[in-house]
Amino acid sequence: MTNDQKSRKMLIGGQWVEALDGATFDTADPATEEVLATVPAAGSKDVDRAVNAAREAFEPGSAWRGLPPAARGRIIHRIGDLILEHAEELALLESRDNGKPVFIASLADIPMAADTFHYMSGWATKIEGNTIPMSSAAPGRFLSFTQREPVGVVGQIVPWNYPLLMAAWKPSTGTPRPRPSSSTACSATSTC
C-alpha cells in the first residue's frame, strides 16, 4: 500500500458511511496490482438504505424537491464545474483505476462527464409538457397533453470501462443511486 491510498465510504442520505456489516474490498491498479483504495462492499441492507434515502430526497416536500428549479440546476452545474476543477486528479485516478491511458481519460471521460452535468443542469428549468391537437371526429372536445416528471429512484450498476462518465449519465433520470464496478470504484466514488 502507498501513502496516497485512501479508505472510501459510501454517500447515503448526505452522510459518508461504511457498509452496515463493515465489509470492504480493495481496488487495485490493474497495471501494478497496487492497492489504490479500500471501499465498502455494500450488501442488500446498504442498498435498501440508499434507495430509502434517495426516495426521501425524491418525495414532494423534501429539501431537494423544495428547491426552485433554477437552484437545483445551479447545484447540478456545480458538480460539472468541480469535475473540471479536479480534471487532472480525476484523469490520473481513472487511469490508475482501470488502466485507461491518462491522455484518453483527460480528453474524453473527464470533460464528457463534466459536460453531462452542465447539459443536464439546464433541464431543471425546462421540464414542461405539451398540448397535442387531437384529430378526431369531434374536434375541440378532447384535450391531450404530456407532462414530464422525474422517473424516481434509479439504480445504476456502473461498468468498469467508463466509471466516472457512466456515473454522470444517470442523474437525468431522477434520483440516481450509482453502484460502481468492484473493479473500478475509485473515480465514481470521488464524485459522490
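Everything that follows concerns the structure shown earlier in this document.
Calculation rules
Residues numbered from 1 in each chain as written. Predicted model: local features only at pLDDT ≥ 70, side-chain atom pairs only at ≥ 80, totals over all residues. Heavy atoms only, no water. Helix = DSSP H or I, 4+ residues; strand = E, 2+ residues; numbered from the N terminus. Buried < 20%, exposed > 50% of the residue type's maximum accessible area, 1.4 Å probe, protein only. Contact = heavy atoms within 4.5 Å. Areas by Shrake-Rupley, 256 points an atom, 1.4 Å probe, with all protein chains shown as cover. Pairing = 2+ DSSP bridges. Expected span 1.5 Å × (residues − 1). Patch = residues over 30% accessible without salt bridge, like charges linked within 9 Å, V, L, I, M, F, W, Y side chains within 5 Å. Salt bridge = Lys/Arg side-chain N within 4 Å of Asp/Glu carboxyl O. Core = buried A, V, L, I, M, F, W, Y, C linked by side-chain atoms within 4.5 Å.

(A) Summary view of the overall build of the protein. Of regular secondary structure, the protein possesses seven helices and nine strands. Here the protein holds 192 residues, and the buried ones make up 34% of them. The long-range share in the protein, meaning contacts at least 24 apart out of those at least 6 apart in sequence, stands at 55%. On the protein, roughly 11,500 Å² of surface is accessible, and the fraction owed to carbon and sulfur atoms is 57%.

(B) Representation of the environment of Trp 64. Mapped onto the secondary structure, Trp 64 falls in helix H2 (residues 63-66). Exposure remark for Trp 64: the relative accessible area of 32% places this residue in the partly exposed category. Not counting residues within four places of it along the chain, the set of residues in contact with Trp 64 comprises Ala 57, Arg 72, Ile 75 and Ile 76.

(C) Representation of the pairing of strand S4 (residues 24-28). In this structure, S4 lies alongside strand S5 (residues 35-40), joined through five bridges in antiparallel fashion. Bridge assignment links Ala 28 to a residue of S5, and that residue is Val 35. The antiparallel pairing of S4 with S5 creates a hairpin that spans six residues between the two strands, and Glu 33 there sits at a positive phi of about 65 degrees.

(D) Region of the structure containing helix H4 (residues 87-98). Here H4 contains 12 residues, and its C-alpha end-to-end distance of 16 Å stays within 8% of the 16 Å for a straight helix at 1.5 Å per residue. For H4, the complete set of buried residues consists of Leu 90, Ala 91, Leu 93, Glu 94, Ser 95, Arg 96, Asp 97 and Asn 98. Taken from the residues just after H4, Gly 99 is the one with a positive phi, measuring 85 degrees.

(E) Quick look at a nonpolar patch on the surface. Among the surface-exposed residues, Phe 103, Ile 104 and Leu 107 lie close enough to one another that they form a single nonpolar patch of about 320 Å² accessible area. Relative to the helices and strands, Ile 104 resides in helix H5 (residues 102-123). Ile 104 gets classed as partly exposed once you look at its relative accessible area, which sits at 35%.

(F) Structural view of the nonpolar core. Core analysis: the biggest nonpolar cluster contains 12 residues, these being Ile 76, Ile 83, Leu 90, Ala 91, Ala 105, Ile 110, Ala 113, Ala 114, Phe 117, Leu 164, Leu 165 and Ala 168. If you list the elements that add at least two residues to this core, you get helix H3 (69-85), H4, H5 and helix H6 (163-169). The element that contributes the greatest number of residues to this core is H5, accounting for five residues.

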